[in-house]
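Read off the chains here:
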Amino acid sequence: MPTAGGGGTGRPGGWWGSKSTPDKVETYTRWSFHSFALVEFMAAGSPMVGRFGHLGPRLAVPLLLVIAVHCVLCAVTASRALDWVRGQRKQPLRLLWALGAVSAAVTVAAMAIVEHGPASSDVAEAVAGILLFLPCFGVGIVALGVRSRPRVFGWVVGFAVGTGLVSLSFGVPAPDALLFAVVMLVGCGVMAFTSVISSWLLHTVYELDEARETRTRLAVAEERLRFGRDLHDVMGRNLAVIALKSELAVQLAQRERPEAVTQMVEVQRLAHEAQREVREVVRGYREADLGSELAGAKGVLEAAGIDCAVTGSATGLPAQVQSALGWVVREAVTNVLRHGDARRCAVGIRVLKGQTVRTVLTVENDGVPENGGSGRGAGLVGLRERLAEIGGTLRAGPTGDGRFLLTAEVPLPSAAGSGTFPSGEPTASPVSATSTAAPASRTNVSEVTP
């Protein structure tokens, strides 16, 4: 249903609730990679902070600064790489190379400290955090900005092999160097795999959203083409005959032949007939069958990944009422697809008896911010005007719990209500044969939960 992009920002959760599903996935992905910087600092810096007294400020402070710089560089590179993934900027090649070089340099420096630095177990254990975490996070972030999967694989393998060779050059025994290379291969591979999957998921979500919008536009275009074909079929023949007889009438009039009047009378008759046929086409286009609209709404929404429950039946309703409510269903479903971020939608039809017998149609969907819609869209204004012609009313707006509720009421003629519907207040008609949805639990509309 209609939503305002920032309508819910004034309340808790409004900022998040106002976002579409692709925007939520992108925000989650961005902040996940930003949080990696904090995780990296805590993982690599905690051993050093715990042994600060044994290391001394001359060694511990520079190493902590190196870790902090690497974390900040990872966060900035991840942000720029995600912008590139979304097509918002060029590939940050300089940052990627800088992060790769810094990660390699820090790894080599840490190895040198372990092998040739102070002979202390505290130093080795403190620097071990740098050796284990900084290269893995650096390689993982670089993989986020690389499109080719073979290059990502080559980068991971190359870094693992390089660390093993550097270890050997520092005098590390071959088995220990091999173990260290395997650890780097696994750690860097996991982080790179995380980056690749995150990038692919972000692409997929946006592509699915674009496909849904394209499907909606194609449905509208197909309906326009159908209407255009109907008008062409109706008007093409009549206009061709009118043009031919008009030319004939002109020639006869120029010769002052009395048959010209007969031809113009025929042209007049054809023009009236064309008007009548056009009105029939437009009337058939405007009159929506409620049963067909309900079935179509269920199919369209479920095809878009929205769970749709339909309760009630259009059986026995007057044609005029069915046509008006059919248009309500059509407009409501269009709004659910275009404006909201719905996962569930419930459509219910009831016949209530009171002082007047009336049909009540409700359409309720989730995925709407608390202040996310006013119910004053142009389409809803047109529906109110259409319902007003038959004495009906339309109410639409958010319910305050992340849902949007549209309610249309149309009075029924007394003849329609006297013998068709059972007595009692209120009365709900049985479930239509076109709907297999479960019965509704509240006001005959299925409870909708996000």
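Nothing here was measured: the structure is a model prediction, and the numbers come from that model.

A.B. asks: Can you walk me through the pairing of strand β3 (residues 358-365) in this structure?
C.D. replies: Extensive coverage of β3 is indicated by the burial of seven of its eight residues. Pairing geometry for strand β2 (residues 344-352) and β3, over eight bridges, is antiparallel. Across the sheet, residue V347 finds its bridge partner in β3, namely V363. As consecutive antiparallel partners, β2 and β3 are separated by five residues. Sheet topology places β3 next to strand β5 (residues 404-411); eight bridges connect them, and they run antiparallel. Pairing of V363 across the sheet is with L406, part of β5.

A.B. asks: Please explain the packing of helix α5 (residues 93-116) against helix α7 (residues 149-169) as it appears in this structure.
C.D. replies: Two quantities define a packed helix pair, namely the angle between the axes and the distance from one axis to the other. Between α5 and α7, the least distance of the axes is 10 Å, while the angle of their chain directions is 25 degrees. Relative to α7, α5 is oriented roughly parallel. For α5 against α7, the interelement crossing comes out right-handed. Along its contact with α5, which presents G100, S103, A104, T107, V108 and M111, the element α7 presents W155, F159, T163, V166 and S167. Class assignment of the residues belonging to the contact of α5 with α7 gives a composition of six nonpolar, five polar and no charged.

A.B. asks: Looking at this structure, how should I read the side chain of E40?
C.D. replies: Mapped onto the elements, E40 comes out in helix α2 (residues 21-50). Of the buried charged residues, E40 lacks a salt bridge, with R80 as the closest side chain of opposite charge at 17 Å. Beyond its immediate chain neighbours, meaning those up to four positions away, E40 contacts G45, H70, C71, C74, L134 and F137.

A.B. asks: Explain the sheet that holds strand β4 (residues 393-398) to me, please; I cannot follow it from the model alone.
C.D. replies: Pairing between the strands of a sheet comes from backbone hydrogen bonds, and it takes one of two forms, parallel or antiparallel. Here we have five strands laid out as an open sheet, ordered β1-β2-β3-β5-β4, and mixed in their pairing. Each having just a single partner strand, β1 (307-311) and β4 make up the two edges of the open sheet. Each strand of the sheet is rotated relative to its neighbour by a mean of 10 degrees, with strand direction disregarded.

A.B. asks: I keep staring at the confidence of the model for the chain and nothing clicks. Help me out?
C.D. replies: When pLDDT is averaged along the chain, the result is 77, and 80% of the positions lie at 70 or above. Scored below 50 in pLDDT, residues 1-12 makes 33 contacts in the model with residues more than four places away or belonging to other chains. Low confidence marks residues 415-450, where pLDDT is under 50. Its contacts with residues over four positions away, or in another chain, come to 78 contacts.

A.B. asks: Any chance you could explain the state of the cysteines here in plain terms?
C.D. replies: Disulfides are covalent bonds that link the sulfur atoms of two cysteine residues. Inspection of the entire model under this criterion finds zero disulfides. The thiol of C74 is not disulfide-bonded; the next cysteine sulfur, from C71, is found 6.5 Å away. By relative accessible area, which is 4% here, C74 ends up buried. For the unlinked cysteine C345, the closest cysteine sulfur is that of C308, found at 5.1 Å. Overall, the relative accessible area of 3% leaves C345 in the buried class.

A.B. asks: Before we go on, may I ask you to explain the packing of aromatic side chains in this structure?
C.D. replies: Any two aromatic rings considered together are summarised by their centre-to-centre distance and by the angle between their planes. Enumeration according to the criterion identifies three aromatic pairs in this entry. Relative to F137, the ring of F36 lies with its centre 6.0 Å away and its plane at 70 degrees, an arrangement referred to as edge-to-face. In this pair, F36 is assigned in helix α2 and F137 in helix α6 (residues 121-144), connecting sequence segments 101 residues apart. Between W97 and W155, the ring centres sit 6.5 Å apart and the planes meet at 80 degrees, which makes this aromatic pair edge-to-face. Within this pair, whereas W97 is found in helix α5, its partner W155 is found in helix α7, the two being separated by 58 residues in sequence. A relative accessible area of 26% places W155 in the partly exposed class. Lying across the ring of Y206, R86 places its NZ or CZ 3.5 Å from the centre. Against the face of W327 rests R386, its NZ or CZ located 4.8 Å from the ring centre.

A.B. asks: Explanation requested: the pattern of salt bridges in the structure shown.
C.D. replies: A full pass over the atoms with the stated rule returns 11 salt bridges. Salt bridges here are not isolated pairs; linked through shared partners, they connect E26, R30, D83, R86 and R89.

A.B. asks: Any chance you could explain the environment of V123 here in plain terms?
C.D. replies: As for its position among the elements, V123 is in helix α6. Measuring from C-alpha to C-alpha, the distance between V123 and P47 comes to 9.6 Å, with 76 residues separating the pair along the chain.

A.B. asks: Is there a simple way to explain the pairing of β2 in this structure?
C.D. replies: On any regular strand, side chains alternate: one points to one face of the sheet, the next to the other face. Counting buried residues in β2 gives eight out of nine residues, a clear majority hidden from the surface. Here β1 runs beside β2; their pairing, made up of five bridges, is parallel. Within β2, the residue paired with T311 across the bridge is G348.

A.B. asks: What am I meant to see in helix α4 (residues 57-85) here?
C.D. replies: In a regular helix each residue adds 1.5 Å, so 29 residues correspond to 42 Å; α4 covers 41 Å between its end C-alpha atoms and thus fits that length. Looking one or two residues beyond α4, the residue adopting positive phi is G87, at roughly 75 degrees.

A.B. asks: Help me understand unusual backbone geometry in this model?
C.D. replies: The phi torsion of most residues other than glycine is negative, and most of the peptide bonds are trans. Phi at E256 is positive, roughly 60 degrees, even though this residue is not glycine. Along the chain, E256 turns up in the loop between α8 (174-254) and α9 (259-286). Taking relative accessible area as the criterion, E256 reaches 73% and is therefore assigned exposed.

A.B. asks: Just to check I follow, could you spell out the nonpolar core for this structure?
C.D. replies: Nonpolar side chains in soluble globular proteins tend to be buried together. By size, the foremost hydrophobic cluster in this structure holds 52 residues, and its most contacted members are M48, L63, I67 and I130. Looking at this core, the elements that each hand over two or more residues are α2, α4, α5, α6, α7 and α8. Top element by residues in this core is α4. It accounts for 14 residues. Ignoring anything within four residues of it in the chain, the contact list for I130 reads A44, M48, L63, I67, V106, A110 and P135.

A.B. asks: Would you mind showing me how to read the packing of α4 against α5 here?
C.D. replies: Between α4 and α5, whose axes approach to 10 Å, the crossing angle comes to 155 degrees. By the angle between their axes, α4 is roughly antiparallel relative to α5. Read as a crossing pair, α4 and α5 show a hand that is left-handed. The residues of α5 that touch α4, namely those facing L63, V66, H70, L73, C74, V76, T77 and R80, are L95, L96, A98, L99, V102, S103, V106 and I113. By residue class, the composition of the contact of α4 with α5 is 12 nonpolar, three polar and one charged.

What counts and what doesn't
- Residues numbered from 1 in each chain as written.
- Predicted model: local features only at pLDDT ≥ 70, side-chain atom pairs only at ≥ 80, totals over all residues.
- Heavy atoms only, no water.
- Buried < 20%, exposed > 50% of the residue type's maximum accessible area, 1.4 Å probe, protein only.
- Helix = DSSP H or I, 4+ residues; strand = E, 2+ residues; numbered from the N terminus.
- Pairing = 2+ DSSP bridges.
- Axes fitted to C-alpha atoms, helices over the stretch in contact; angles between N-to-C directions.
- Parallel < 35°, antiparallel > 145°, perpendicular 65-115°, else oblique.
- Left-handed = near helix turned anticlockwise from the far one by under 90°.
- Contact = heavy atoms within 4.5 Å.
- Nonpolar A, V, L, I, M, F, W, Y, C, P; charged D, E, K, R; others polar.
- Lys, Arg positive; Asp, Glu negative; His and termini not counted.
- Salt bridge = Lys/Arg side-chain N within 4 Å of Asp/Glu carboxyl O.
- pLDDT = per-residue confidence, 0-100.
- Disulfide = S-S within 2.5 Å.
- Phe/Tyr/Trp six-rings, centres within 6.5 Å; stacked < 30°, edge-to-face > 60°.
- Lys NZ or Arg CZ within 6 Å of the ring centre and 35° of its normal.
- Expected span 1.5 Å × (residues − 1).
- Core = buried A, V, L, I, M, F, W, Y, C linked by side-chain atoms within 4.5 Å.

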